[in-house]
Structure formats: structure tokens, C-alpha cells
Amino acid sequence: MTIESAQAFLLWCLVINYGILLLWFLVFWFGHDWMFRLHSRWFLFIEGTLRQHSLCIHAAYKLGILLLNLTPYVALRLIGLHAS
């Protein structure tokens, strides 16, 4: 695998992951009541607990994107610039 193909792979992973993050945010923003009703069937949630759990998981997902997609992509871009 060349540096260019690894860069392209990580860039597409970054785009897809941020798309999932955006979709997740929009569903939570516009469908909060629906999500609360759905999840309160399975778990004992009160209103604030669902929001807390969602925000914590959202933050962990963002951190994973930064550490596993963006950081290697930037490192490969720097290697590519240094090599040329």
C-alpha cells in the first residue's frame, strides 16, 4: 500500500465517520422524544440520563475519529510532503 492510497483510505474513513456523527446528531436533535421512548422500553432511563449517555458516547466516538482517522491522515500527509 502506498502512502497515497493510505491517505485516500483514511480520508474516506474520516468523511464516512463524520457523516455518521452528523446523522447521529440530527437524529438526536430532531428525534429526541422518539429516541427516549424507544430506549426507555429497554432500559430504565429518566430524561436527563439518556442525554448524558448519548453525549458521553458521542464524545468517545469523536475522540476515536480524531485518534484513529485524523491523526494518522495528518501524519501521512506530513510524511508525503517531507518525501517530495
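In short, a report on the structure. (Residues numbered from 1 in each chain as written. Predicted model: local features only at pLDDT ≥ 70, side-chain atom pairs only at ≥ 80, totals over all residues. Heavy atoms only, no water.)

At a minimum axis distance of 11 Å, the contact between helix H2 (residues 32-42) and helix H3 (residues 47-83) shows a crossing angle of 100°. Between H2 and H3, the angle is such that the two are roughly perpendicular. Along the contact surface, H2 presents His 32, Met 35, Phe 36 and His 39, while H3 presents Glu 47, Leu 50 and Arg 51. (Axes fitted to C-alpha atoms, helices over the stretch in contact; angles between N-to-C directions. Helix = DSSP H or I, 4+ residues; strand = E, 2+ residues; numbered from the N terminus. Parallel < 35°, antiparallel > 145°, perpendicular 65-115°, else oblique. Contact = heavy atoms within 4.5 Å.)

A cluster of nonpolar residues, Leu 11, Trp 12, Val 15, Ile 16 and Ile 20, forms a patch on the protein surface that exposes about 490 Å² of accessible area. Checked against the element boundaries, Ile 16 lands in helix H1 (residues 3-30). Residue Ile 16 is classed as exposed on the basis of its relative accessible area of 51%. (Patch = residues over 30% accessible without salt bridge, like charges linked within 9 Å, V, L, I, M, F, W, Y side chains within 5 Å. Areas by Shrake-Rupley, 256 points an atom, 1.4 Å probe, with all protein chains shown as cover. Salt bridge = Lys/Arg side-chain N within 4 Å of Asp/Glu carboxyl O. Buried < 20%, exposed > 50% of the residue type's maximum accessible area, 1.4 Å probe, protein only.)

Turning next to H3. Along its 37 residues, H3 runs 53 Å from first to last C-alpha, staying within 8% of the 54 Å computed at 1.5 Å per residue. A bend of about 30° at Leu 66 is the largest found in H3. What H3 keeps buried is the set Thr 49, Leu 50, Ser 54, His 58, Ile 65, Asn 69, Tyr 73 and Leu 76. Looking at the buried positions of H3, the neighbouring elements they touch are H1 and H2. (Expected span 1.5 Å × (residues − 1). Bend = angle between axes of the 7 residues up to and from the residue.)

Checked against the element boundaries, Phe 36 lands in helix H2. Residues Phe 36 and Thr 49 lie 13 residues apart in sequence; the distance between their C-alpha atoms is 9.8 Å. Setting aside anything within four residues of it in sequence, one finds Phe 36 in contact with Phe 45, Ile 46, Glu 47 and Leu 50.

The next thing to look at is the packing of aromatic side chains. By the definition in use, this model includes two aromatic pairs. When the centroid spacing of 5.9 Å and the interplanar angle of 70° are considered together, the rings of Trp 24 and Tyr 61 count as edge-to-face. Of the two residues, Trp 24 is situated in helix H1 and Tyr 61 in helix H3; the sequence distance between them amounts to 37 residues. Given a relative accessible area of 21%, Trp 24 falls into the partly exposed group. Residue Tyr 61 is classed as partly exposed on the basis of its relative accessible area, which comes to 26%. (Phe/Tyr/Trp six-rings, centres within 6.5 Å; stacked < 30°, edge-to-face > 60°.)

By themselves, these figures tell us nothing about what the structure is for.
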